[in-house]
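Summary of the model geometry
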Amino acid sequence: MGVPTVSDRISQMVAKLHLEPEVEPMFHEDSYGYRPGKSALDAVARARKRCWQYDWVVDLDISAFFDTLDHKLVLEVVKKHTQEKWILLYIERWLKAPIQMENGELKARDQGSPQGSVISPLLSNLFMHYAFDAWMQEIFPNVPFERYADDAAAHCKTRKQAEYVRDMIAERLKRWKLDLHPEKTQVVYCKDADRKLEHEHVQFTFLGYTFRPRLAKNRWGKHFVNFLPAVSKKAKKAISKEMRSWKIQRRSDKSLDDLARMFNPMVQGWINYYGRFYKSELYPVLRQLNRDLEFWARQKYKRLRIHGRRARAWLARIALREPSLFAHWRFGLRPDGWGMGAG
């Protein structure tokens, strides 16, 4: 991560406003990262649809992308779109600015682009447009893909095609001084009820969602196995860790309204993102909030301390009276049985 000074942030924004109108129209429609009118959820939705249409997917993972961007190559692609010397000078300066370590030592940088700067997303998209997007469109026009920054997935009809595409992409990125992670880059079989082949990899994770065979229900209420995305284990662990750090049960000086104001924005953000697809996978994680609120109630009110059921019933009555108080209650996770995801 890099946090630019105020003056650098302003000058980066000026450079971005100068470059963006020139390069944005040429970017590939399936490049989703940091672009106006596009989002990570759009990329997940497109990947979901294509996994139904194509049997195989190449799950691409670029090793240390932002840390290994070649400065010379970045400047070369920028020069294709501007000859303004001040822009080129500033971008080179930003790329090569030394990193200040925790001990105050300045460390020189000859590659990489710090995340957190205003212009870094635009530079990375421009770089990957030439290194990957435009090349894929030319060499593999029948292989659709989704890319969000350095995270990408490409869809193929056969295993042989997928392995060939993977190897060709690795070779292509090598020319641009990037490497595919040897363990995280995989050829995945999108297994479902109609796909009968066996393969060692039948799941992959893309933008916080794990795609794998899951039980689904059709319009007639019949269950079947489909290849679907849901919140990943890694994301669920991160959510649980964050909720534990709140130590809700120790905040007996706060009211329920206080707790709702403090934590609803974060919880609603998780719901908005991870609740878009196969939301039931998010239920077990967020149910922990009701248990934390129950412990909070037992700590705050003496009459509720002896029996957990008494605290749970008290909380349930409040949820029945004010079902929109907490974001996860609105999501269907009200305590003691009310709501779609009763918890």
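Throughout what follows, the structure given in this document is the object of discussion. (Residues numbered from 1 in each chain as written. Predicted model: local features only at pLDDT ≥ 70, side-chain atom pairs only at ≥ 80, totals over all residues. Heavy atoms only, no water.)

**As for the sheet that holds strand β8 (residues 209–217)**
Under the convention used in this document: By the convention used here, strands pair only if DSSP detects at least 2 bridges between them. Under the scheme used here, helices are H or I runs from DSSP no shorter than 4 residues and strands are E runs no shorter than 2 residues, and both carry numbers assigned from the N terminus. In this analysis an axis means a line fitted to C-alpha atoms, helices contributing only their contacting stretch, and an angle means the value between N-to-C directions, from 0 to 180 degrees. Contact definition: two residues touch when any of their heavy atoms are within 4.5 Å.
Within the open sheet, the three strands sit side by side as β7-β8-β9. Their pairing is antiparallel. Bordering the open sheet on either side are β7 (204–206) and β9 (223–231), each of which pairs with just one other strand. Pairwise comparison of adjacent strand axes, ignoring direction, gives a mean angle of 50 degrees for this sheet. When β7 meets β8, the two strands line up antiparallel, connected through three bridges. Within the sheet, the bridge partner assigned to threonine 205 lies in β8 and is threonine 210. Running at roughly 155 degrees to β9, helix α2 (residues 40–53) makes contact with β7, β8 and β9 of the sheet.

**Observations concerning the side chain of glutamate 24**
Which entries qualify depends on this criterion: Think of it in three bands: with a 1.4 Å probe and only protein chains considered, a residue is buried below 20% of the maximum accessible area for its type, exposed above 50%, and partly exposed in between.
With respect to the helices and strands, the residue glutamate 24 is situated in the loop between α1 (6–23) and α2. Of the residues examined, glutamate 24 reaches a relative accessible area of 15% and is grouped as buried. Discounting chain neighbours no more than four positions away, the residues touching glutamate 24 are Arg35 and Pro36.

**Focus: the pairing of strand β5 (residues 151–156)**
Regular strands place side chains that alternate from one sheet face to the opposite one. The element β5 is extensively covered by neighbouring structure, given that six of its six residues are classed as buried. Neither face of β5 is left uncovered, since the one carrying Asp151, Ala153 and His155 and the one carrying Ala152, Ala154 and Cys156 both have all their residues buried. The pairing of strand β1 (residues 56–61) with β5 spans six bridges and is classified as antiparallel. Note on β5: the bridge partner recorded for aspartate 59 is alanine 153. With four bridges joining them, strand β4 (residues 145–148) and β5 adopt antiparallel strand pairing. Opposite glutamate 146, over in β5, you have alanine 153 as the bridge partner.

**Digging into the pattern of salt bridges**
Inclusion rule: We count a salt bridge whenever a side-chain nitrogen from Lys or Arg sits within 4 Å of a carboxyl oxygen from Asp or Glu.
A full pass over the atoms with the stated rule returns 18 salt bridges. Glutamate 294 is the partner of arginine 312 in a salt bridge, and the nearest nitrogen-oxygen pair spans 3.2 Å. Taken together, the positions of arginine 312 in helix α11 (residues 308–321) and glutamate 294 in helix α10 (residues 283–300) put the pair 18 residues apart, joining distant regions of the chain. Under the relative-accessibility criterion, arginine 312 is labelled partly exposed at 32%. Put simply, Asp30, Arg46, Arg50 and Glu146 are held in one network by salt bridges that share partners.

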